Amino acid sequence: MEKNLAKTYDPKDFEDRIYEEWEKSGAFRADRDPDKKPFTIVMPPPNITGQLHMGHALDQTLQDVLTRFKRLQGYSALWLPGSDHASIATEVKVVEKIRAEEGKEKEDLGREEFLKRAWDWKKVYGGKITKQCRKLGDSCDWERERFTMDEGCNKAVRHFFVQLYEKGLIYRGNRLINWCPECGTSLSDAEVEHEDKNGSYWYFRYPGADGGEGVVIATSRPETMFGDVAIAVHPSDERYKDMVGKNVILPLVGKEIPIIADPYPDPEKGTGAVKITPAHDENDFLVGQRNNLPSPCCINEDATMNALAGKYEGMDRYECRKAWVKDLEDAGYLVKIEEMVIPAGTCYRCHTVVEPMLSDQWFVKMEDLAKPAMEAAKSGDLRHVPERFEKTYMHWLEEIRDWCISRQLWWGHRIPAWYCQDCGEIVVAEEDPTKCTKCGSTNLKQDEDVLDTWFSSALWPFSTLGWPEETEDFKYFYPTNVLVTGYDIIFFWVVRMVFSALETTNHVPFDDVYVHGLVRDAQGRKMSKSLGNGIDPLEVIDQYGADALRFMLTTGITPGNDMRFKEDRLESARNFANKLWNASRFVIMNLQDENGEFLPMAKCCDECSGMACCNDIAVAGNIREEDKWIFSRVNDATKYITEKMEEYDLALAGQRIYDLIWNEFCDWYIEIVKERLWGDDEEDKKVARYTLVRVLKEMLILLHPFMPFITEEIWSYLPKKPGEANNEKNFIIIADWPEYDEVLTFPAEAEKLEMAMAIIRAIRNIRAEAEASPGKKLTAVILSGEGREEVVKAGERYIKKLANITEITFINDKKDVPEETMSAVVDGAEVYIPLDDIMDYDAELERLTKEKKRLEGEVKRVTGKLSNEGFVSKAPAAVVEEEKQKKVMYEEMLAKVCDRLALVEKKVK
């Protein structure tokens, strides 16, 4: 009974089963093998609130391709998975759940009970995305799965915090920070998205305290005027030279504020005078520090106005703006309004406009940490692929400000700082202290805030391997080899991992940063909920299979560039899988007898049992030219694919294996070898079977990183080498990557086959042009180029079989070319097919007559159009020129049709 693949390719039949077999067998496990080189990738941890989206699918497929490739190359390949606690996102989800189910706020529960609910939520929903990763085929070492708030990561976070604090690199200060009123927490600069919004500049007059005209200023945020403490002008601005030191009156409020000289105002912008509100603008804050100005705050954390706003207290900031401007206008203080596009910072999570706010927060001093990170890129210790993204990396570090790391949330790593309630001492420690280090009091209270999520994520490449302990995993697998990430989080995450690793381990966390783009919809738009254009990878997998999705993603993107998600490319990938499936079925069918037992194959060496166990093909019987050709093509592809994989150009590597399998193996070699498999020469059959098995297995290994499921399924039906047969697992995932071998180049045989294929393609094109059936038998005349006679003649049997040619006449002189032929030119030869062979003259006469009539109509139409003076004078020059080109084209086509028609009419008569 035949033991073969199912007749129809259906990934649902085997993808889940194969993944379960891999995981149960430990195929993903990376051992600390002293005889192997380590290869390590840490998965950018998806949020526990998340669901697999197309960006994840791309990011993780690229990582899996690299991991599988290195595993096949013999590395101890560790792809370390995990998930991120995502402070803001998770807290929002849990709060919403409590509010919806219980009608309570988190404050009603208290911190301890809320955190219990958050951990419960994590248990229920937190593993959802990692389960979805399995559907994609991720070959992670799940036994090493980590979570950014697990015990080990928490220990690493506390250690790092204390280390920086003791070095004076972490401090607590009252500074201007980005505040999200909706999320109720501070944000780092990296968490603020900048977008242009339509807005206004209002020009208001601040009257002089001495009764003079005073000063006119422009502001886009009138509601912050209640926090004004000065008017600043540039020292060189002659307009205000005599006003510096005088006071103006804050309109309607009645408070006097000074006019000061400071280099911040630009005399060329607006009126040259700027209101200074240190508590609500970063530049104003710096001006205030330079001039020892107070910093009163007029906006609450929920974006309502406080008591400083007087009668507007309690209003939302935008409600206040509307009412306040009207009152100022009614009182005569409004000079004019300019409509403008104004840059606004919004929260990356909820997209609420961020409020600059003065607040007591924890900060990391960045200047000293940024320098080594910049040097790592300059020295080449850290490489960006593509290289252009190093500029983004360097720009962020050069412009970096101190990092606000405290967040006003409950879910996350609580800041390891305690305040003595008796003496005010701040105690920072890795372990919870029992008493104050200064006065000995036990009356300690821990800081209420948690750390920015990115603080723990910054330690991910080494905290997941056991740091701060020097574990065996840490010593073997660190530093990691490559980080795969989208360009949108270079500054969020990559920069922070690099400076954190250099500070703690004195080594970059990874050698390479492979940067990919975004997956956009077919129109080039970013996928988003608001546009409703998101595509669920799980739905795609259900329809097309994981392999098709993976292959489409990896071959459709180049490093650093966005890609468009197109359905037809998915269809193409699925068709490729189907082509491979059917070709493999054919091979397996021809390897077995009627009982499903493998037939004998040629041996590649004396120890071989006929399973192609080495590269020595000299003793494998009568290896034919086509066998050597396909060996050379696989050998060449192996070299090219390996090089491109090492360069992270996975699209080119994937395209090459596609061409090898579809074009060279399926369309050429299998068609050539069929007659040998069905012939009477038993020894030659052994050679054919040997070649098919060897080539198919090597191609499957080359394809495996891209399409792991189908390759594993096909592999399971193929005969095994002696060593493989003794391996109970017998998986392709742990096979050996092919290596390029100069012995397998066979240039002479390759040249002969390539020539034959070029001639066959030319004959097929002539058939198509003449609309002749592929089954119609033809004769051919082939003129060899100088010095190419032997190469051309060597392909005779291939040409006859695959181009359906009954007789070939080889000539060396063009004068021997017969009359009335259709021809084609290839490199090194010219091909001629007699018209009498290929042409159905009656049908061709009918076709050409219709074509002549059509073209005459086109020539008449376009000539009439160009003869119309009104058209020529009024139509755009480009349109007129296009019509002229059409006229030339139609006339040339008509001339050719008339010549051909005359020839056909002569034959019919």
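Model, not experiment: these values are computed from the prediction.

S.K.: Could you clarify how one ought to interpret unusual backbone geometry in this entry?
M.R.: The general pattern is negative phi for most residues beyond glycine and trans for most peptide bonds. Cis geometry marks the peptide bond from tryptophan 467 to proline 468, where omega comes out at 15 degrees. Within the fold, proline 468 resides in the loop between α13 (460-463) and α14 (472-477). The linkage connecting tyrosine 478 with the following residue, proline 479, adopts the cis geometry, with an omega of 0 degrees. Along the chain, proline 479 falls in the loop between α14 and β22 (480-486). With a phi angle near 55 degrees, glutamate 771 is a residue other than glycine that sits in the positive phi range. By the element assignment, glutamate 771 lies in the loop between α24 (747-770) and β26 (778-784). On the basis of relative accessible area, glutamate 771 is assigned to the exposed category, the value being 60%.

S.K.: When you look at the packing of aromatic side chains in this model, what are you seeing that I'm missing?
M.R.: Any pair of aromatic rings gets described here by the distance separating the centres and the angle formed by the planes. For the structure on display, the rule yields 37 aromatic pairs. Both rings, one in phenylalanine 226 and one in tryptophan 324, keep their centres 4.5 Å apart while their planes meet at 40 degrees; by these two values the pair is tilted. Within this pair, whereas phenylalanine 226 is found in the loop between β8 (215-219) and β9 (230-233), its partner tryptophan 324 is found in helix α9 (residues 317-330), the two being separated by 98 residues in sequence. Neither residue differs from the other here; phenylalanine 226 and tryptophan 324 are each classed as buried.

S.K.: Honestly, the sheet that holds β9 in this entry has me stumped. Any pointers?
M.R.: For sheets, the rule is that strands pair by backbone hydrogen bonds, running either parallel or antiparallel. Pairing within the open sheet is mixed, and its four strands lie in the order β10-β11-β9-β12. Each end of this open sheet is capped by a strand with a single partner; those strands are β10 (247-249) and β12 (273-276). Between one strand and the next, the sheet's axes are offset by a mean angle of 35 degrees, whatever the strand orientation. Here β9 runs beside β12; their pairing, made up of four bridges, is antiparallel. Bridging across to β12, valine 233 finds its partner in alanine 273.

S.K.: What exactly am I supposed to notice about the nonpolar core here?
M.R.: It is characteristic of soluble globular proteins that their nonpolar side chains tend to be buried jointly. Counting residues in hydrophobic clusters, the biggest one holds 149 residues, and the most contacted among them are Leu549, Phe665, Ile759, Ile799 and Ile838. Take this core: its biggest share by element is 14 residues, from helix α20 (residues 650-677). Non-local contacts of isoleucine 838, meaning those with residues more than four positions away in its chain, are made with Ile766, Arg767, Ala770, Ala772, Lys776, Leu778, Met822 and Ile833. Among the nonpolar cores identified, the runner-up in size contains 71 residues, and Phe161, Cys347, Ala377 and Phe510 belong to it.

S.K.: Just checking my understanding: could you explain empty space enclosed by the protein for this structure?
M.R.: Where empty space is left becomes clear once a probe the size of a water molecule has been rolled over the atoms. All told, the structure shown has one cavity of 30 Å³ or more when counted by the stated rule. Here the largest cavity is characterised by a volume of approximately 30 Å³. Taken together, Ile672, Glu675, Arg797, Tyr798, Lys801 and Leu802 make up the full set of residues lining the largest cavity. Of all elements in the fold, only α20 and α26 (796-803) reach the threshold of two or more residues within the lining of the largest cavity. Counting residues per element, the lining of the largest cavity draws most heavily on α26, at four residues. Here the residues of the lining of the largest cavity sort into three nonpolar, no polar and three charged.

S.K.: What is the right way to look at the pairing of strand β7 (residues 192-206) in this model?
M.R.: Residues in a regular strand project their side chains so that they alternate between the two faces of the sheet. Pairing geometry for β7 and strand β13 (residues 334-347), over 13 bridges, is antiparallel. Considered in β13, the bridge of tryptophan 202 is made with isoleucine 337. Where β7 meets β8, five bridges bridge the pair, whose relative direction is antiparallel. Looking at the pairing, tyrosine 206 lines up with valine 215 of β8.

S.K.: Any chance you could explain the sheet that holds β13 here in plain terms?
M.R.: Pairing in this open sheet of three strands is antiparallel, and the strands run β8-β7-β13 from one edge to the other. Since the sheet does not close on itself, it has two edges, and those belong to β8 and β13, each with one partner. When the angles between neighbouring strand axes are averaged without regard to direction, this sheet yields 20 degrees. Helix-sheet contacts for α9 involve β7 and β13, and the interaxial angle to β7 is about 20 degrees.

S.K.: Could you clarify how one ought to interpret the side chain of threonine 277 in this entry?
M.R.: Checked against the element boundaries, threonine 277 lands in the loop between β12 and α8 (282-290). Excluding residues that lie within four positions of it along the chain, threonine 277 makes contacts with Thr224, Gly227, Asp228 and Asp284.

S.K.: Help me out: how do you make sense of the side chain of arginine 111 in this one?
M.R.: With respect to the secondary-structure elements, arginine 111 resides in helix α5 (residues 111-125). A polar atom in the side chain of arginine 111 sits 2.6 Å from the backbone oxygen of glutamate 448. Residues within four places of arginine 111 in sequence aside, it is in contact with Leu409, Trp410, Arg414, Glu448, Asp449 and Val450.

S.K.: I'm lost on the pairing of strand β1 (residues 38-42) in this one. Help?
M.R.: For β1, the tally of buried residues reaches four of five residues, placing the bulk of the element in the interior. As paired strands, β1 and strand β2 (residues 76-80) are joined by five bridges and run parallel to one another. In the sheet register, valine 42 faces β2, and the bridge partner there is leucine 80. For the handedness criterion, the β-α-β arrangement of β1, helix α2 (residues 54-72) and β2 is classed as right-handed.

S.K.: I'm lost on the environment of valine 831 in this one. Help?
M.R.: Inspection of the secondary structure assignment puts valine 831 in strand β29 (residues 829-834). Sequence separation of valine 831 and proline 294 is 537 residues, and the distance between their C-alpha atoms is 91 Å. Those residues within four positions of valine 831 in sequence are excluded, and the remaining contacts are Ile759, Ala762, Ile763, Ile766, Val781, Met822, Ser823 and Ala824.

S.K.: Looking at this structure, I do not really get the packing of α2 against helix α19 (residues 625-646). What am I missing?
M.R.: Angle between the axes and distance between the axes are the two parameters that describe a pair of packed helices. Remark: α2 packs on α19, axes separated minimally by 11 Å, with the N-to-C direction vectors making an angle of 125 degrees. Taken as axis vectors, α2 and α19 run oblique relative to one another. In the packing of α2 onto α19, the handedness of the crossing is left-handed. Across the interface between the two elements, Val65, Leu66, Phe69 and Lys70 from α2 touch Thr642, Met645 and Glu646 from α19. Looking at the contact of α2 with α19 residue by residue, the class counts come to four nonpolar, one polar and two charged.

S.K.: Would you explain the packing of α19 against α20 in this entry?
M.R.: The interhelical angle for the contact between α19 and α20, taken along N-to-C directions, is 170 degrees, at an axis separation of 9 Å. Classed by the angle they form, the pair α19 and α20 counts as roughly antiparallel. Of the residues in α20, those in contact with Glu626, Asp627, Trp629, Ile630, Arg633, Val634, Asp636, Ala637, Tyr640, Ile641, Lys644 and Met645 of α19 are Leu650, Leu652, Ala653, Arg656, Ile657, Leu660, Glu664, Phe665, Trp668, Tyr669, Ile672 and Arg676. A per-class count over the contact of α19 with α20 returns 16 nonpolar, no polar and eight charged.

The rules behind each value
Residues numbered from 1 in each chain as written. Predicted model: local features only at pLDDT ≥ 70, side-chain atom pairs only at ≥ 80, totals over all residues. Heavy atoms only, no water. Helix = DSSP H or I, 4+ residues; strand = E, 2+ residues; numbered from the N terminus. Buried < 20%, exposed > 50% of the residue type's maximum accessible area, 1.4 Å probe, protein only. Phe/Tyr/Trp six-rings, centres within 6.5 Å; stacked < 30°, edge-to-face > 60°. Pairing = 2+ DSSP bridges. Axes fitted to C-alpha atoms, helices over the stretch in contact; angles between N-to-C directions. Core = buried A, V, L, I, M, F, W, Y, C linked by side-chain atoms within 4.5 Å. Contact = heavy atoms within 4.5 Å. 1 Å grid on protein atoms, 1.4 Å probe; cavity = no way out; pocket = protein on both sides within 12 Å on 5 of 7 lines; lining within 4 Å. Points joined across faces, edges and corners; volume = space filled by probe spheres on them. Nonpolar A, V, L, I, M, F, W, Y, C, P; charged D, E, K, R; others polar. Polar contact = N/O pair within 3.5 Å; in protein donor to acceptor, adjacent residues only side chain to side chain. Right-handed = clockwise from strand over helix to strand, strands pointing away. Parallel < 35°, antiparallel > 145°, perpendicular 65-115°, else oblique. Left-handed = near helix turned anticlockwise from the far one by under 90°.

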